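# A look at the structure
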Amino acid sequence: MSSGDSLIGIRGFLIDTPERGKLRAWSDGAIVIEDGLIAEIGDYGELSKKPRREPMRWLHSNRVAIFPGLIDLHTHLPQYPAIARSETELLPWLRRYIFPLEREFTGAKARKECAQFFAELARHGTTTAMIYTAIYEESCDAAFEAAQTSGMRAIIGKMMMDVGSYGDLAVEKILETSLTQSERLCKKWHGAENGRLDYAFSPRFALSCSREMMTATAELAKKHGAYIQTHLSENLAELAAVFEMCGWADDYVDVYEKCGLLTPHTVLGHSIHLSERERDAIARSGANVAHCPTANLFLNSGIMKLDRLLDAGIRVGLGTDVAAGPELNLWHVMRTAIESQKARSFYEKNVRVPSPADVLFLATQGAAHVLGKGAQLGSLDIGKEADLTLVDIGALLPYRKNTKVQNDLGAEDILTLCIHRGGPHATIETFVRGRSVYRAMQPELFG
Ligand code: GUN
Ligand code: ZN
């Protein structure tokens, strides 16, 4: 199947979280897709018997679990080749592995990796990704072109740095060039493909950006109604350097606040080491957080106090943060979101450990709210865009397909299996706007 132009039905065990912590399921359910939207949803028995003006093509079976497409709110396309590279801490890791890799992200190499990256996202069940490219305009253009061709949903931005950058530009030209190129990319791509592609102004973090750059960037984002993405409070050495460099601000959040970077269209990666004042300031501004627990553990950065951010009223989603995170697998990120809070609860009182439904919400409907697209994406509701990931339940079970065991599983069992054992080996098919963007080679599952 290649596009959402004909009437198709997908049969499976439907699972979603329309609200935080609330699991909803149809054990032998079906979704009817028309023109890329979810047109009908309910029990397969009923929907398959309903008289129709044109024949319906039915795909899959109740051995397949169907979830809303997963949303990755923070990842770095040029960094994918450097995943799981000898863990250290943020600042030496950036200098040793990341800046040299991003520096080479140009030309044919960049274009090839961009195409592969979107195929990889789809194979992992991700349908929307918020992405940083390298500092080069062409690297960002290449990423948008690959996203456009792939059919995937993406919010992409050219990395902005005017302090300690890895490019060849003369220092006095960096600021103006970065602003001009970013605005040009935003005009070209923000809202493209009928809203499937959007632009995010992407100042790297306070240590890579002058106050002037951050302030001008915030103005550009406001002028164009575009997103902003940056990193915040990830690592203690980073924090100390920010205090040293930005004496004009009261704390890390205040750096971004004073520059106008905190808006409801802003996604702040990490945000681990925050004070109560900082959490309140983020909540007041309406800015959002991309929680990246796999990356936070990999780079020894710390454990975010997830419950405190949620209690402050901050909207939170999840990010793989490749290459600080060692996988593009959002199921793995969900698992680590649970396990890192469990670990915290062993040494801290009254920690609220998220449930499987809580973390699925963060990776789907919660992330859609972060993007201001909660009415179009994130759950299996009629009228929403048909962004779906389909999982082979058998592939998650010991000894693979055991139909009897499968028949005994409830929605929470299946979700827990996905969170703890899910990944590309179990993705059967991924849809964006009803178009198949990835299909595994297992023909017996498609009948
Ligand atoms: N802080 C600034 N740049 C980066 C980056 O590329 N990855 C991570 N994890 N943190 C950052
Ligand atoms: Zn990052």
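Right above here is the structure, for reference.
Residues numbered from 1 in each chain as written. Chains lettered and ligands numbered in written order. Predicted model: local features only at pLDDT ≥ 70, side-chain atom pairs only at ≥ 80, totals over all residues. Heavy atoms only, no water.

The full count for this structure, using the stated rule, is 10 aromatic pairs. When the ring of Phe-144 is compared with that of Trp-189, the centres are 4.9 Å apart and the planes differ by 5 degrees; the resulting orientation is stacked. With Phe-144 in helix 4 (residues 137–150) and Trp-189 in helix 5 (residues 171–189), this residue pair connects regions lying 45 residues apart in the sequence. Judged by its relative accessible area of 0%, Phe-144 is buried. Relative to Phe-201, the ring of Tyr-199 has its centre 5.1 Å away and its plane inclined at 80 degrees; by these criteria the two rings are edge-to-face. Residues Tyr-199 and Phe-201 agree in their burial class; the two are buried. Three or more aromatic residues joined by ring pairs make a cluster, and in this case those are Phe-144, Trp-189, Tyr-199 and Phe-201. Above the ring of Tyr-44, the side-chain terminus of Arg-11 is found at 3.9 Å from the ring centroid. Residue placement shows Arg-211 over the ring face of Trp-248; its charged tip is 4.1 Å from the ring centre. (Phe/Tyr/Trp six-rings, centres within 6.5 Å; stacked < 30°, edge-to-face > 60°. Helix = DSSP H or I, 4+ residues; strand = E, 2+ residues; numbered from the N terminus. Buried < 20%, exposed > 50% of the residue type's maximum accessible area, 1.4 Å probe, protein only. Lys NZ or Arg CZ within 6 Å of the ring centre and 35° of its normal.)

This part takes up the coordination of the zinc ion (ligand 2). Each protein donor to the zinc ion (ligand 2) is listed here as His-74 (NE2), His-76 (NE2), His-231 (NE2) and Asp-321 (OD); together their distances run 2.0 to 2.3 Å. Each of the 4 donor atoms bound to the zinc ion (ligand 2) contributes to angles spanning 90 to 167 degrees, and the resulting shape is irregular. Donor residues binding the zinc ion (ligand 2) come from one chain and are separated in sequence as H-x1-H-x154-H-x89-D. Linking His-74 in strand 6 (residues 70–76) with Asp-321 in the loop between strand 14 (315–318) and helix 13 (330–347), this pair joins segments that are 247 residues apart in sequence. On the basis of relative accessible area, Asp-321 is assigned to the buried category, the value being 3%. (Donors = N, O, S within 2.8 Å, 3.2 Å for Na, K, Ca; no water. Tetrahedral: all angles 85-135°; square planar, octahedral: opposite > 155°, others 65-115°.)

Another aspect to go through is the pairing of strand 17 (residues 435–439). In this structure, strand 16 (residues 427–432) lies alongside strand 17, joined through 4 bridges in antiparallel fashion. Within the sheet, the bridge partner assigned to Phe-431 lies in strand 17 and is Ser-436. In sequence, strand 16 turns back onto strand 17 through a hairpin of 2 residues, with Arg-433 there showing a positive phi of about 50 degrees. (Pairing = 2+ DSSP bridges.)

Honestly, it's all geometry; don't read function into it.
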